[in-house]
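Architecture and fold: a report
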Amino acid sequence: MGSAHLNNKIVAIGGGHGLSRVLSSLSESTQQVSAIVATTDNGGSTGKLRQEFGGIAFGDIRNCLSHLVDDNHLGKLLLDYRFEENSPMAGHNLGNLMLLALDNLCVTPSDAIELLSRLLGVEQSLLPMSDQAVHLKAHYASGDTITGETAIDSAPKLPLKLSLTPQVPACESALKELSEADCVLIGPGSIMTSVMPSLLVPEIASTIVECKIPVLWIANLAKESSPIGALTLEQQKQFIESQTGVTITTVLAHGDHERISSSQILTPLTEPQTPYHHLDNLSRTIIHWANNVTRT
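All of these numbers come straight from a predicted model, not from anything done at the bench.

**Overview of the sheet that holds strand S4 (residues 135-139)**
Overall, antiparallel pairing links the three strands, which are arranged S5-S4-S6 in an open sheet. Looking along the sheet, the strands with just one partner apiece sit at the ends: strand S5 (145-147) and strand S6 (161-165). Neighbour to neighbour, the strand axes of the sheet diverge by 25° on average, direction disregarded. Bridge count between S4 and S6: five bridges; the pairing is antiparallel. Opposite Ala138, over in S6, you have Leu162 as the bridge partner.

**Remarks on empty space enclosed by the protein**
The final tally for this structure, using the stated rule, is one cavity of 30 Å³ or more. The volume enclosed by the largest cavity comes to roughly 60 Å³. Looking at the lining of the largest cavity, the elements that each hand over two or more residues are helix H2 (44-53) and helix H5 (94-105). The greatest single-element share of the lining of the largest cavity, amounting to three residues, is contributed by H2.

**Some remarks on the pattern of salt bridges**
Summed over all chains, the structure comprises seven salt bridges. Its salt-bridge partner being Lys76, residue Asp80 comes within 3.8 Å of it at the nearest N-O pair. With a gap of four residues between them, Asp80 and Lys76 both fall in helix H4 (residues 74-80), about one helical turn apart. Between Lys237 and Glu241 there is a salt bridge, with the nearest N and O atoms lying 3.1 Å from each other. Taken as a pair, Lys237 and Glu241 lie in helix H11 (residues 233-244) at a separation of four residues, close to a single helical turn. The same class applies to Lys237 and to Glu241, which are both buried. The network of salt bridges with shared partners includes Arg62, Lys76 and Asp80.

**Points about the packing of helix H1 (residues 16-25) against helix H12 (residues 279-291)**
Put simply, H1 and H12 touch, their axes get as near as 8 Å, and they point 75° apart. Judged by the angle between their axes, H1 and H12 are roughly perpendicular. Listed contacts from H12 to Arg21, Val22, Ser24 and Ser25 of H1 are Leu279, Leu282, Ser283 and Ile286. Looking at the contact of H1 with H12, its residues break down into four nonpolar, three polar and one charged.

**Brief notes about the environment of Ile56**
Looking at where Ile56 falls in the secondary structure, it is placed in the loop between H2 and helix H3 (59-68). Overall, Ile56 belongs to the buried group, its relative accessible area being 3%. Separated by ten residues in the primary sequence, Ile56 and Thr46 have C-alpha atoms spaced 8.9 Å apart.

**Regarding the side chain of Glu241**
The class for Glu241 is buried, based on a relative accessible area of 18%. If near-sequence neighbours (up to four positions away) are discounted, Glu241 is found in contact with Val246, Thr247 and Ile248.

**Some points on the sheet that holds strand S1 (residues 10-14)**
The eight strands lie next to each other as S3-S2-S1-S7-S8-S9-S11-S10, forming an open sheet whose pairing is mixed. The sheet is open, and its two edges are formed by strand S3 (125-128) and strand S10 (259-260), each paired on a single side. The sheet contacts of H11 involve strand S7 (183-186), strand S8 (215-218), strand S9 (250-254) and strand S11 (264-267), and relative to S8 the element is tilted by about 130°.

**Concerning the packing of aromatic side chains**
Taken as a whole and assessed by the stated rule, the structure comprises one aromatic pair. Plain terms: the ring middles of Tyr81 and Phe83 are 5.2 Å apart, the flat faces sit at 85° to each other, and that makes the pair edge-to-face.

**Structural notes on a nonpolar patch on the surface**
On the surface, Leu74, Leu77 and Leu78 cluster together into a nonpolar patch covering about 300 Å² of accessible area. Take Leu77: it is sitting in helix H4.

**Focus on the nonpolar core**
Core analysis: the largest hydrophobic core is formed by 45 residues, its most contacted members being Ile13, Leu162, Val184, Ile186, Ile204 and Ile208. Every residue in contact with Ile13, bar those within four places of it in the chain, is listed here: Leu19, Ile36, Val184, Leu185, Ile186, Gly187, Val195, Ser198, Leu199, Ile204 and Ile208. Ile61, Leu269, Leu282 and Trp289 belong to the second largest nonpolar core, which has 39 residues in total.

Parameters and conventions
- Residues numbered from 1 in each chain as written.
- Predicted model: local features only at pLDDT ≥ 70, side-chain atom pairs only at ≥ 80, totals over all residues.
- Heavy atoms only, no water.
- Pairing = 2+ DSSP bridges.
- Helix = DSSP H or I, 4+ residues; strand = E, 2+ residues; numbered from the N terminus.
- Axes fitted to C-alpha atoms, helices over the stretch in contact; angles between N-to-C directions.
- 1 Å grid on protein atoms, 1.4 Å probe; cavity = no way out; pocket = protein on both sides within 12 Å on 5 of 7 lines; lining within 4 Å.
- Points joined across faces, edges and corners; volume = space filled by probe spheres on them.
- Salt bridge = Lys/Arg side-chain N within 4 Å of Asp/Glu carboxyl O.
- Buried < 20%, exposed > 50% of the residue type's maximum accessible area, 1.4 Å probe, protein only.
- Parallel < 35°, antiparallel > 145°, perpendicular 65-115°, else oblique.
- Contact = heavy atoms within 4.5 Å.
- Nonpolar A, V, L, I, M, F, W, Y, C, P; charged D, E, K, R; others polar.
- Phe/Tyr/Trp six-rings, centres within 6.5 Å; stacked < 30°, edge-to-face > 60°.
- Patch = residues over 30% accessible without salt bridge, like charges linked within 9 Å, V, L, I, M, F, W, Y side chains within 5 Å.
- Areas by Shrake-Rupley, 256 points an atom, 1.4 Å probe, with all protein chains shown as cover.
- Core = buried A, V, L, I, M, F, W, Y, C linked by side-chain atoms within 4.5 Å.

Remember that the coordinates give geometry; whether it matters functionally is a separate question.
Here's what the structure looks like:
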C-alpha cells in the first residue's frame, strides 16, 4: 500500500466487492477507518439463508472480512470456502454460515460481526447499516414496485424512487462512528444495490447531512449493466443525491491524466490486466483528499 499517513477519521459506506477493495487499500490505517455495510442483498448463498432463516444479509460483510484477513490466516480459507455443487450445502459459503451461527449466539448481528472480527484479527470496525432485516424496494413511474436487489438490478428501467422495506433503525454503533467521522467515502460498486442502501436509512443520511460531513464518491471503472449505467457521471451523482438527500462533495473517477478540482478528481486508477481499482493509487488519492477536507 501507499506510505501516506491518514490523519482524519474515515467512514466508508457501501457493499460488495467495491467496499472490500476500498478497505483493502486503507488496511494500514486500521484505527482511522471503519465501514458501514449494506445488508439488503437477497441473491446467492446470502439470499438462500435469508429465505430460510431470516435476518440481515451477511454476504457483503463476509466479503469485507475476507479482504481484511491476512492471506496466511486459516480464517481466510474458512471465510472463502464454498461447498461443492453435489453437496446438500451446494452454493453456500462457509463464511456466511459462520456469521449466521454467531448471530444466533449473540444479541445482535453487529455483536456477531465484532466477535468474528476479533477471532480473525481484523482491527477495522465493520458495522451493518441496521441490525434488523430489510430489503431494497424500487418504485416505478407505472406504479409498479419491485422488491429485492437482484430483481431491481435486472429490471429494464430506472426506478423513480428507491426505499427500504420495512423502514428500519440504523445500527447504533454505525451512527456513533459517523458522528465522529471527518469524512465519508461511498462506492465504488453497484449504485442502486451497494452504494445507496445504507444512505436510505434515515438516521445515517441525516447524520451525514446534519454533521456536514464531506462525502467522496468513488465512481465505478466499468459501466453498470443495470439502467443506471446509461446515465452520465453527473446524472448518476444527481440520482444518488436526489434519492438520499446526501450531497456528494467530490467525485473520484479514473482519468488517463490527473485533473483535480474541489468537486472532481480525475486520476489514473486502473489495475493493469484487471477490472479493479489499483489499490496503491486508490489509497494515496483517498488519503490526500481525506487529509485536506474539513466539516463546513
